[in-house]
Amino acid sequence: MSFINYSEKIREKDTVILYLGLDDTLTFKVKAGNTHQTKYGAVRHSDLIGKRYGTKVTCVGGKGWVHVLHPTPELWTITLPHRTQIIYSIDISMITLQLDLKPGSVVCESGTGSGSLSHALIRTIAPNGHLYSFDYHNQRVEKARQEFDDHGIGHLVTVECRDVCKDGFGLDHIADAVFLDLPCPYDVIEAAKRTLKAPGGRMCSFSPCIEQVQKTCEKMSGCGFVEITTIECIARNYDVKTVQLPAPDMGPVETETRTQPGDRKSVV
Amino acid sequence: MSDTLKIKEGDYVILKKGKNLVLAQALCKRKVNLERKYFVLDPLIGDNYGTSWEITKRSIKKVEEDQKSDDGDTAESTEVGDNRNIVDDNTAQKLSHDEILALKKDGMKGEKLIEQIVENSATFKEKNVYTQEKYIKKKKAKHLPIFTILKPTTRLLCSMYHAKTSPKIVLLRYDTVAQILALGNVHANMKALVVESCTGLLLGAIMDRMGGLGTLVQLFNGDAPTRTALDGFNFSEEHMKVLHSFPLNQANSLRIKTGKTSSEIGQTVEPLPAVTEEEKSCDEEARPCKKQKIDSGSENDNQQGAKTLSTSETEGQSEVSIEQTCTNKDRIADSNSDVAMATDTKESIQVSNNMDVDVPIEGDDGQLKRKWIVYPERQARREKKRKELDAARCIIEEGNFDVLIIASRFEPCPMVMKLLEFLSPSRPFVVYCQCIEPLYECFSKLRESREVVNMKITETWLREYQVLPARTHPMNTMSGSGGYLLTGIKVAKT
């Protein structure tokens, strides 16, 4: 199993996604002998080994069943353990499109955070691109490295513990794209520009606040970036239900016309 | 990778002027049209993407870096002018349209021309500094014919097609394209099954993300797929090899080869059976317009043709088939009275390789028969097409697809229900529709099938912002809808 290539059968050490219901998923690494408890009962890892991804697995205890799914970056995003606020698939998809990413692209990102975007970027740039990811939190860097290795994508990413605001990226003119998810992205614009292949590289900054956006755009413009656009993207979900609306009771329908005094009464 | 930044002859390029994007092919001496100005792109070839060019008479001239005027968004308001005394009655500008044209003809251009226009505006000085900036920007856009040359990418092509001809791409907005690519987990080395009515735009986006690795099968409507948008991506021949086509009108005849994975089935295509007479007649039925033309001839002709068909097969000659080109109406009209041709067939007839020839030959009984002769090139092409069709059929019936993507102008439900069987378990499918109602039906049917989980119908709301100091706000207009997506994951049937 790897996040960049589908496999058919579940094997030991695979990271799998258990699907319990809509937006109700959990994940673990398969190890023979282990058991995972869910609200529908227990799932023995040994029961999974050798089965096809997508199979329905009845839980021990008979309270129900779950489906075992092959991990994808999108499933990972809704399942992963949060170590920081993460970026969700709707924004990830826009970032990927706007940065013109494809197999072979070289990308720099900061900060790594919980690795939600990182997995999606690696999926897009595989098999011959590379992601350079930076975070100033040592533990997060370690955890991210571990996860990338577990997920079969360690060879496509280099994670470094570094404060890019102070020390820059340490990479010159190698990236097709740079992505920033920082509280002060405007402090990193010049360093980011040095990282980009010249000319024609793309840059993206992701900020929750409009003040950050304004400062960043101004700085980008000052540094010579062109085609600066700012976009907001939100997903709306629709729930499909069959609903029967009962007819209102408005009383019996009259068959005679109402008359004024003096009119002749017409009978239908 | 710096050579990818250079424009090569034959490349499709994007000309960007303001918000306007135009796709053109960079061919020598070929004129292109940008906002009603016609010019050749020859000077561009060999230069870099990202450069700016000025349109001069019939050609273009490069604008050097230092000559580039800034975007003009740097004003900081120190005083506040306003419009309390400005009356909009078209008398503010002293220069008439003709006078400006005369100035341009004399060779005045660029910053100088704008300066002249500004000087001759009676109300310019009264305006607030942001309004002045906006005014200058507008005049520049109108009078300075400068564009930037860009390398086409999925992002640019999707924006362009959505802005200009969105009905041709079933109103697919670029953020929805982004969603389809992400939710479908489109990546290199995957096997994708696609039905689209976007003239190839979505195909291109998917192929771009596959990087030339993997397999992509498109089910197309009609006789041949429309893929004009695919040109813009500048895919190499090698890259195009991932793409296979199969006609949608034979989709119901597809049957999955159950129980076999792609690793168990050999990678090579099964050997083709010899072309039988039955298949030939199927060929005819697949071309209704041609059949009509055949009917307009006499009944006898058809029967003769059929006889000739079987005769030539047993004799082992080059095959013939009852085939006409729809374009040669004259010849068909004359077919009944055609006697003027020489009996010596191939050499004396001046026809192009494309056309089949109706030639009278002397039969055994001394009577003139009619015989259709097909030239070898045409025959070879047909054979190739048949081989590709069979190869595509093989690939589909193998199953094991990693994603099913539908973005078609047709009702999605029958297509989803039929094509889902070719998708492997634990793989996503994405159905796009410009209206939401057809997706409700899909949703219900799929739910009943108990073959899918994690089903969602979503719509994305996209808003662009103008971000300038003291002038930040959302754009005045926003796209109302980018279409709807039904997504889910197929699981093993329960």
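Relevant structure appears above.
> Please clarify how the packing of aromatic side chains should be interpreted in this entry.
The way to describe two aromatic rings as a pair is by their centre distance and the angle between their planes. For the coordinates displayed, the defined rule picks out six aromatic pairs over all chains. Judged by centre distance (5.5 Å) and plane angle (80°), the rings of Phe 134 of chain A and Phe 169 of chain A are edge-to-face. Taken together, the residues Phe 134 of chain A in strand S8 (residues 130-135) and Phe 169 of chain A in the loop between helix H6 (164-167) and strand S10 (177-180) connect sequence positions 35 residues apart. For the pair formed by Phe 134 of chain A and Phe 169 of chain A, the shared burial category is buried. Over the face of the ring belonging to Phe 401 of chain B we find Lys 191 of chain B, whose NZ or CZ atom lies 4.7 Å from the ring centre. Above the plane of the ring of Tyr 6 of chain A lies Arg 427 of chain B, whose end atom (NZ or CZ) is 3.9 Å from the centre.

> Help me understand helix H14 (residues 412-419) of chain B in this model?
Since there are 3.6 residues in each turn of an α-helix, residues three or four apart along the chain are aligned in direction. All names here are of chain B. Here H14 lies mainly inside the structure; six of its eight residues are buried. Looking only at H14, the buried set comprises Pro 412, Cys 413, Met 415, Val 416, Lys 418 and Leu 419. Contact partners of the buried residues in H14: strand S8 (190-196), strand S9 (214-220), strand S13 (403-407), strand S14 (427-433) and helix H15 (437-449).

> So what exactly am I meant to see when it comes to the sheet that holds strand S6 (residues 59-63) of chain B here?
The strands making up a sheet associate through hydrogen bonds between their backbones, and the pairing can be parallel or antiparallel. Residue and element names in this part refer to chain B. A sheet is described by the order of its strands in space; here five strands give the open sequence S2-S1-S7-S5-S6, paired in antiparallel fashion. Two strands bound the open sheet, and with one partner strand each, they are strand S2 (20-25) and S6. Pairwise comparison of adjacent strand axes, ignoring direction, gives a mean angle of 35° for this sheet. Examined bridge by bridge, strand S1 (residues 12-17) and strand S7 (residues 146-150) share three bridges and lie antiparallel to one another. Residue pairing for S7: Leu 15 is matched across the bridge by Ile 149. Against the sheet, helix H4 (residues 154-165) makes contact with S1, S2 and S7, and its axis sits at roughly 110° relative to S2, the strand it touches most.

> Can you walk me through the interface of chain A and chain B in this structure?
Many analyses report the size of an interface as the accessible area lost when the parts associate. Between chain A and chain B, the contact holds 56 residues from the first and 58 residues from the second. Surface buried jointly by chain A and chain B totals about 4900 Å² across both partners, of which 59% is contributed by carbon and sulfur atoms. By the criterion of area lost to chain B, the three top residues of chain A are Tyr 6, Tyr 238 and Val 240 of chain A, representing 15% of everything that side buries. In this assembly, chain A and chain B are joined by five salt bridges. Between Asp 208 of chain B and Lys 102 of chain A there is a salt bridge, with its nearest N and O atoms 3.6 Å apart. Inspection of the region where chain A meets chain B yields 18 residue pairs in polar contact (both at pLDDT 80 or more). Of all the secondary-structure elements, those providing two or more residues to the side of chain A that touches chain B are strand S6 (65-69), helix H2 (73-79), helix H3 (89-98), helix H4 (116-125), helix H8 (210-222) and strand S12 (230-238) of chain A. In terms of residue count, the dominant contributor to the side of chain A that touches chain B is S12 of chain A (nine residues).

> Quick question: what am I supposed to make of the pairing of S13 of chain B here?
Two faces belong to every sheet, and in a regular strand the side chains alternate between them. All names here are of chain B. The buried fraction of S13 is high, at five of five residues. Side-chain alternation along S13 places Val 403, Ile 405 and Ala 407 on one buried face and Leu 404 and Ile 406 on a second face that is also buried. Relative to S14, S13 is paired through four bridges, and the arrangement is parallel. If you follow Ile 405 over to S14, its bridge partner there is Val 430.

> In this structure, what is going on with the nonpolar core? I would like to understand it.
For soluble globular proteins, the rule of thumb is that nonpolar side chains tend to be buried together. Within the largest apolar cluster, 46 residues are counted, with the highest numbers of intra-cluster contacts made by Leu 201, Leu 202, Ile 206, Leu 216 and Ile 405 of chain B. Elements with a contribution of two residues or more to this core: H3 of chain A together with H4, helix H5 (174-183), S8, helix H6 (201-210), S13 and S14 of chain B. With seven residues, H6 of chain B is the largest single contributor of residues to this core. If we skip the residues at most four places from it in the chain, Leu 201 of chain B touches Leu 157, Cys 158, Tyr 161, Ile 169, Glu 196, Ala 229 and Phe 233 of chain B.

> Sorry, what's going on with the sheet that holds strand S5 (residues 56-58) of chain A here?
Residues and elements named next belong to chain A. Spatially, S2-S1-S6-S5 is the arrangement adopted by the four strands of the open sheet, whose pairing is antiparallel. In this open sheet, the two strands that pair with only one neighbour each are strand S2 (24-29) and S5. Strand after strand, the sheet turns through a mean of 35° between neighbouring axes, direction not considered. As paired strands, strand S1 (residues 15-21) and S6 are joined by three bridges and run antiparallel to one another. Following the sheet pairing, Ile 17 is matched in S6 by Leu 69.

> Even after reading the chapter, I still don't get helix H3 (residues 129-143) of chain B, so can you show me in this structure?
Residue and element names in this part refer to chain B. Taking 1.5 Å of rise per residue, 15 residues should cover 21 Å, and H3 covers 21 Å from first to last C-alpha, within 8% of that figure. Contact partners of the buried residues in H3: helix H1 (97-105) and helix H2 (110-119). Measuring from the backbone nitrogen of Tyr 130 back to the side-chain oxygen at the start of H3 gives 2.6 Å, which picks out Asn 128 as the cap.

> Is there a simple way to explain the side chain of Glu 147 of chain A in this structure?
Structurally, Glu 147 of chain A is set in helix H5 (residues 138-150). Beyond its immediate stretch of four places on either side in the chain, Glu 147 of chain A contacts Trp 76, Pro 81, Arg 83, Ser 114 and His 119 of chain A.

> In this structure, what is going on with the packing of H14 of chain B against H15 of chain B? I would like to understand it.
Two packed helices can be described by the angle between their axes and the distance between those axes. Residues and elements named next belong to chain B. It is at 9 Å that the axes of H14 and H15 come closest, and there the two elements cross at 25°. The pairing of H14 with H15 is recorded here as roughly parallel in orientation. In the packing of H14 onto H15, the handedness of the crossing is right-handed. Residue-level contacts link Pro 412, Cys 413, Val 416 and Met 417 of H14 to Pro 438, Leu 439, Glu 441, Cys 442, Lys 445, Leu 446 and Ser 449 of H15. In the contact of H14 with H15, the residues fall into eight nonpolar, one polar and two charged.

> Help me understand the packing of H5 of chain B against H6 of chain B in this model?
Residues and elements named next belong to chain B. Relative to each other, H5 and H6 sit at 45°, their axes nearing to 11 Å. The orientation of H5 relative to H6 falls into the category oblique. For the crossing formed where H5 meets H6, the hand is right-handed. Judged by residue contacts, Val 177, Ile 180 and Leu 181 of H5 engage Leu 202, Ala 205, Ile 206 and Arg 209 from H6. The residue inventory of the contact of H5 with H6, partitioned by class, reads six nonpolar, no polar and one charged.

> Where do I start with a positive patch on the surface in this structure?
Residues and elements named next belong to chain B. A surface patch of positive charge is lined by Arg 36, Lys 37, Lys 104, Lys 134, Lys 138 and Lys 142. With respect to the helices and strands, the residue Arg 36 is situated in the loop between strand S3 (31-34) and strand S4 (37-40). Judged by its relative accessible area of 74%, Arg 36 falls in the exposed class.

> Explanation requested: the pattern of salt bridges in the structure shown.
Close approach of charged atoms allows side chains of opposite charge to pair. Under the defined criterion, the tally for this structure stands at 33 salt bridges over all chains. Two residues, Arg 83 of chain A and Glu 147 of chain A, come together in a salt bridge whose shortest N-O distance is 3.0 Å. With Arg 83 of chain A in the loop between H2 and H3 and Glu 147 of chain A in helix H5, this residue pair connects regions lying 64 residues apart in the sequence. Overall, the relative accessible area of 25% leaves Arg 83 of chain A in the partly exposed class. Between Arg 386 of chain B and Glu 383 of chain B there is a salt bridge, and its shortest N-O distance comes to 3.4 Å. On the criterion of helical spacing, the pair formed by Arg 386 of chain B and Glu 383 of chain B is a turn pair, its members being three residues apart in helix H13 (residues 376-398).

About the criteria used
Residues numbered from 1 in each chain as written. Chains lettered and ligands numbered in written order. Predicted model: local features only at pLDDT ≥ 70, side-chain atom pairs only at ≥ 80, totals over all residues. Heavy atoms only, no water. Phe/Tyr/Trp six-rings, centres within 6.5 Å; stacked < 30°, edge-to-face > 60°. Helix = DSSP H or I, 4+ residues; strand = E, 2+ residues; numbered from the N terminus. Buried < 20%, exposed > 50% of the residue type's maximum accessible area, 1.4 Å probe, protein only. Lys NZ or Arg CZ within 6 Å of the ring centre and 35° of its normal. Contact = heavy atoms within 4.5 Å. Pairing = 2+ DSSP bridges. Axes fitted to C-alpha atoms, helices over the stretch in contact; angles between N-to-C directions. Buried area = accessible area lost by both parts, 1.4 Å probe. Salt bridge = Lys/Arg side-chain N within 4 Å of Asp/Glu carboxyl O. Polar contact = N/O pair within 3.5 Å; in protein donor to acceptor, adjacent residues only side chain to side chain. Core = buried A, V, L, I, M, F, W, Y, C linked by side-chain atoms within 4.5 Å. Expected span 1.5 Å × (residues − 1). Parallel < 35°, antiparallel > 145°, perpendicular 65-115°, else oblique. Left-handed = near helix turned anticlockwise from the far one by under 90°. Nonpolar A, V, L, I, M, F, W, Y, C, P; charged D, E, K, R; others polar. Patch = residues over 30% accessible without salt bridge, like charges linked within 9 Å, V, L, I, M, F, W, Y side chains within 5 Å. Areas by Shrake-Rupley, 256 points an atom, 1.4 Å probe, with all protein chains shown as cover. Lys, Arg positive; Asp, Glu negative; His and termini not counted. Charge placed at Lys NZ, Arg CZ, Asp CG, Glu CD.

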